[in-house]
Amino acid sequence: MLRLAVTRYFLLLTQSTKNAGRTYSSNPKICWKCSQHLVTKNKFFCASCGSLQRLEEVDYFTLLDVSNKFDLDSPTLTSNFRRLQSALHPDKFTQSSSEEKSNSLEWSSLVNKAYKTLNTPLQRGQYILEQNGIEISEENTSVDSEFLMDMMDKNEAVAEASNSDDLDEIGQTLKADIDELYEKLNQCFLGNDLKGAKENLVRLKYLLNILGVVKEKMLKYNYQ
């Protein structure tokens with residue numbers, strides 16, 4: 001009896017393992033239009049009927065087919081963005097069903113948002129941090145007092161500048177500081193130093209804000 005019980009136990013264990021394997025495999029996706037097992041063409045279209053599929057959660061790097069890193073290749077990003085918009089833009093689906101029109105609007109909107117995020121170093125860095133569960137709040141105080149004092153001095157210099165030459169000099173200094181921060185950020189992300197990346201992104205926000213003020217003030221001088 002004991003031997004029989006042990007045999008049944010191992011049979012049940014084997015069957016359980018097989019079932020677990022089946023459960024682990026995700027159910028195959030089905031095309032909303034033709035109800036066929038979904039094999040996508042160009043990642044968005046059903047290979048069987050050619051219909052544009054519904055929006056799915058996808059990270060921006062994967063969507064735009066670029067490497068998930070801070071120092072990405074900008075020309076490739078732009079080229080891939082244009083290719084996707086050409087294929088997914090709502091103008092391409094004016095004669096399609098309401099379902100595909102809706103899908104097109106959603107995909108096109110997501111592609112635009114993804115490109116805007118990844119094409120801007122500050123937003124790109126913040127997005128990478130968000131992927132790792134780290135957010136930068138508007139009230140972030142992770143920078144040191146010495147840096148904040150330096151930002152105050154720079155703001156005062158911009159406020160006191162009385163001509164475009166002075167502003168241009170300040171702007172060139174800010175751009176050099178920003179370029180240096182870009183390099184530091186790249187090294188932080190390469191080394192998976194997310195804390196350092198967060199601190200440098202906060203610094204970058206300060207510098208970009210001041211540079212924005214410089215550009216606005218220069219426009220006023222140029223139009224006088």
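Residues numbered from 1 in each chain as written. Predicted model: local features only at pLDDT ≥ 70, side-chain atom pairs only at ≥ 80, totals over all residues. Heavy atoms only, no water.

## Here we look at the overall build of the protein
The condition that has to hold: In this text, helices come from DSSP runs of H or I with a minimum length of four residues, and strands from runs of E with a minimum of two, each type numbered from the N-terminal end. The contact criterion used is simple: two residues touch if any of their non-hydrogen atoms lie within 4.5 Å. Per-residue accessibility takes into account occlusion by the displayed protein chains alone, with areas from the Shrake-Rupley method and a 1.4 Å probe.
Regarding its fold elements, the protein presents eight helices and two strands. Moving toward the C terminus, one meets the helices and strands of the protein in the order α-β-β-α-α-α-α-α-α-α. Counted over contacts in the protein with a minimum sequence separation of 6, partners at least 24 positions apart contribute 61%. Per element, the accessible surface of the protein, about 14700 Å² overall, is 50% carbon and sulfur.

## As for the packing of helix α4 (residues 98–118) against helix α5 (residues 121–131)
Going by this rule: Lines fitted to C-alpha atoms define the axes, with helix axes restricted to the stretch in contact, and inter-axis angles between N-to-C directions lie between 0 and 180 degrees. An angle below 35 degrees is read as roughly parallel, one above 145 as roughly antiparallel, one from 65 to 115 as roughly perpendicular, and any other as oblique. By the convention adopted, Pro, Cys, Tyr, Trp, Phe, Met, Ile, Leu, Val and Ala count as nonpolar, Lys, Arg, Asp and Glu as charged, and the other residues, Gly among them, as polar.
Contact geometry of α4 with α5 gives a least axis separation of 6 Å together with a crossing angle of 105°. One way to sum up the angle between α4 and α5 is to call them roughly perpendicular. Contact residues: α4 offers K116, T117 and L118, while α5 offers Q123, R124 and Y127. Looking at side-chain class alone, the contact of α4 with α5 contains two nonpolar, two polar and two charged residues.

## Re the pattern of salt bridges
Any two side chains of opposite charge can pair, on the condition that their charged atoms come close. Heads up, the condition is: Salt bridge criterion: a side-chain nitrogen from Lys or Arg within 4 Å of a carboxyl oxygen from Asp or Glu. Here the term buried applies to any residue with accessible area under 20% of the maximum for its type, exposed to any over 50%, and partly exposed to those in between, with areas from a 1.4 Å probe on protein chains only.
Taken as a whole and assessed by the stated rule, the structure comprises six salt bridges. The partner of K29 in a salt bridge is E56, and the shortest N-O contact between them spans 3.1 Å. Here K29, found in the loop between α1 (2–24) and β1 (40–41), pairs with E56, found in the loop between β2 (45–46) and α2 (60–63); they are 27 residues apart in sequence, far enough to count as distant. Assessed through its relative accessible area of 47%, K29 is described here as partly exposed. Across the salt bridge formed by D144 and R203, the nearest N and O atoms sit 2.8 Å from each other. With D144 in the loop between α5 and α6 (145–160) and R203 in helix α8 (residues 194–222), the pair connects residues that are 59 residues apart, well separated along the chain. What makes D144 partly exposed here is its relative accessible area of 34%. Here the salt bridges do not stand alone but share partners, grouping D150, K154 and D177 into one network.

Scope: geometric values only; no functional claims are made or implied.
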